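# Working through the structure, step by step
So you can see what is in the structure, the chains are spelled out below.
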Amino acid sequence: YQRFLLILLLICSIYSFAGDTFHVVGGYSLIWFIVLYYTGGYIRRFFAYENRPRIAIGYVLMTLAVFVSKVVLTKASMAFGFHGKGAAVFYEYNAPTIFFTAVALFLLFKTWKIKNEFLVKGINFFAPLTFGVYLLHDNTYIKPLLWRQWVDVASAYQSAYFIGHFLLMTILVFVLCACIEKGRQMLFASVQGLMKENWNKAWTIFRRKSCSAESRD
């Protein structure tokens, strides 16, 4: 399993720097989802490391590495006339830096024994909404409007308030998308309940008529 997972990471993460031969598309393809699925399976079955302070340090270091690489490569790309091209090489979803940052964050929550009942209720409320949040904010049609017009992250990039702007917008986008997803779930639950109720009524009527027809015969 370890060798298999290592080969997947080498092919879909590190080797992607040389060219997108396997069509990973910066971590947006089904192939990368499969890699993440196997990573989660490995952590669940074999990974027992629970030193939270070291995991937290690793997460902070990897996060800083991502941020610094983005700043440094952007300035270098502009200086050499590439106009920002290649500056996000360590910022892609399938980049090793992002991958290990995500794994470290996952392990922090995995080893966190939450005792606060209010916090547990909050997590249980938002957990079923997260996939919907992802589908909404990363939608092919919504994404350009969201990040380039409505939120406009690029305009705040050179600002001293960039980090605050980034954190605030991230929270707002998450909460808004979570509310939309919750509304969708409630609507679909109502429709499903109504369909089930009507189906049960129709089935009951059908059974009665069938029984009546059989009794006549």
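It should be noted that the structure appears before, not after, this text.
Cut-off values and rules
- Along each chain, numbering runs from 1 in the same order as the chain's sequence is written.
- Thresholds applied to this predicted model are a pLDDT of at least 70 for local features of residues and 80 or more for the giving and counting of side-chain atom pairs; totals over whole chains, interfaces and linings are not thresholded and use all residues.
- Only hydrogens and water are set aside when side-chain values are computed; all heavy atoms of the structure are taken into account.
- Think of it this way: any DSSP run of H or I at least four residues long counts as a helix, any run of E at least two long counts as a strand, and we number them from the N terminus.
- Buried residues are those whose accessible area, probed at 1.4 Å on protein chains only, stays under 20% of the maximum for their type, while exposed residues exceed 50% and partly exposed ones sit between those limits.
- Under this definition, polar contacts are N or O atom pairs within 3.5 Å; protein pairs additionally need one hydrogen-donor-capable and one acceptor-capable atom, and for neighbouring residues in sequence, both atoms have to be side-chain atoms.
- Contact definition: two residues touch when any of their heavy atoms are within 4.5 Å.
- Put simply, buried Ala, Val, Leu, Ile, Met, Phe, Trp, Tyr and Cys residues joined by side-chain atoms within 4.5 Å make one nonpolar core.
- Patches here are clusters of residues that have more than 30% relative accessible area and form no salt bridge, with a 9 Å joining cutoff for like charges and a 5 Å cutoff for nonpolar side chains (Val, Leu, Ile, Met, Phe, Trp, Tyr).
- Working definition of accessibility: Shrake-Rupley area with a 1.4 Å probe, residue cover restricted to the visible protein chains.
- Here a salt bridge means any side-chain nitrogen of Lys or Arg lying within 4 Å of a carboxyl oxygen belonging to Asp or Glu.
- Put simply, two rings from Phe, Tyr or Trp (the six-membered ring, in Trp's case) pair if the centres are within 6.5 Å, and we call them stacked under 30 degrees between planes, edge-to-face over 60, tilted for the rest.
- Here, a charge over a ring means that NZ of Lys or CZ of Arg falls within 6 Å of the ring centre while also lying within 35 degrees of the ring normal.
- Lines fitted to C-alpha atoms define the axes here, with helix axes fitted over just the stretch in contact, and angles between the N-to-C directions of these axes take values from 0 to 180 degrees.
- In this scheme, a crossing is called left-handed if the near helix is turned counterclockwise away from the far one by less than a right angle; it is called right-handed if the turn is clockwise.
- Classes in brief: Ala, Val, Leu, Ile, Met, Phe, Trp, Tyr, Cys and Pro nonpolar; Asp, Glu, Lys and Arg charged; the others, Gly included, polar.
- Geometric relationships in this document are graded by angle, where less than 35 degrees denotes roughly parallel, more than 145 denotes roughly antiparallel, 65 to 115 denotes roughly perpendicular, and other angles denote oblique.
- Buriedness of a pocket was judged along seven lines, with at least five required to meet protein on both sides within 12 Å; pockets are open sets of points on a 1 Å grid over the protein atoms alone, cavities are sets where a 1.4 Å probe fits but cannot get out, and lining residues have an atom within 4 Å of a point.
- Grid points are joined across faces, edges and corners, and a volume is the space filled by probe spheres set on the points.

The next subject is the side chain of Ser13. In this structure, Ser13 sits in helix α1 (residues 2-14). Since its relative accessible area comes to 5%, Ser13 is described here as buried. Of the polar contacts made by the side chain of Ser13, one reaches the backbone oxygen of Asn94; its length is 2.6 Å. Beyond its immediate stretch of four places on either side in the chain, Ser13 contacts Leu8, Trp32, Asn94, Ala95 and Pro96.

Formed by 15 residues in total, the largest nonpolar core has its most connected members in Leu9, Trp32 and Val35. Those elements that place two or more of their residues in this core are α1, α2 (30-45) and α4 (96-110). Considering every element that reaches this core, the biggest residue donor is α4, with five residues. Counting eight residues, the second-largest nonpolar core is a separate cluster that includes Leu129, Val133, Val151 and Ala178.

Judged by side-chain polarity, Tyr1, Phe4, Leu30, Phe33, Ile34, Tyr37, Tyr38 and Phe46 come together as a nonpolar surface patch covering roughly 840 Å² of accessible area. When residues of the nonpolar patch are assigned to their parent elements, the largest contribution, five residues, is made by α2. Tracing the backbone through its elements, the reader meets Phe4 in helix α1.

Attention now goes to the environment of Leu8. Position of Leu8 among the secondary structure elements: in helix α1. For the pair Leu8 and Lys209, spaced 201 residues apart in sequence, the C-alpha separation works out to 60 Å. In contact with Leu8, not counting residues within four places along its chain, are Ser13, Val35 and Tyr38.

Before going further, it helps to spend a moment on the packing of aromatic side chains. The final tally for this structure, using the stated rule, is 11 aromatic pairs. Measuring from ring centre to ring centre gives 5.7 Å for Phe126 and Phe174, while their planes differ by 45°; the resulting arrangement is tilted. Highlighted residues: Phe126 in helix α5 (residues 117-126) and Phe174 in helix α8 (residues 162-216), separated in sequence by 48 residues. Accessibility expressed as a relative area gives 30% for Phe174, which makes it partly exposed. In textbook terms, an aromatic cluster arises when at least three aromatic residues are bridged by ring pairs, as seen for Phe4, Tyr37 and Tyr38. The residue whose ring lies beneath Lys70 is Tyr91, and the NZ or CZ to ring-centre distance is 5.4 Å.

In this section: the packing of α2 against α4. Interhelical geometry of α2 versus α4 gives an angle of 40° and a closest axis separation of 12 Å. The interaxial crossing formed by α2 with α4 has right-handed handedness. Counted together, Trp32, Leu36, Thr39 and Ile43 of α2 and Phe99, Val103, Phe106, Leu107 and Lys110 of α4 form the full contact between these two elements. The residue inventory of the contact of α2 with α4, partitioned by class, reads seven nonpolar, one polar and one charged.

As a further point, take the packing of α1 against α2. If you want to describe how two helices pack, look at the angle between their axes and the distance between the axes. It is the contact of α1 with α2, at a shortest axis distance of 10 Å, that shows an interaxial angle of 150°. On the basis of the axis angle, α1 is roughly antiparallel to α2. Note that α1 runs across α2; the crossing there is left-handed. Taking contact as the criterion, the partners of Gln2, Phe4, Leu5, Leu8, Leu9, Cys12 and Ser13 in α1 are, on α2, Ile31, Trp32, Val35, Tyr38, Thr39 and Tyr42. For the contact of α1 with α2, the per-class residue count stands at 10 nonpolar, three polar and no charged.

Sizing a probe to match a water molecule and rolling it over the atoms shows the empty space that remains. Estimates place the volume of the second largest pocket at around 470 Å³. For the second largest pocket, the lining is made up of 22 residues, of which Leu9, Phe47, Phe99, Phe100 and Val103 are closest to its centre. Counting only elements with at least two residues in the lining of the second largest pocket, the list comes to α1, α2, α3 (52-79) and α4. Residues of the lining of the second largest pocket, tallied by class, amount to 17 nonpolar, four polar and one charged.

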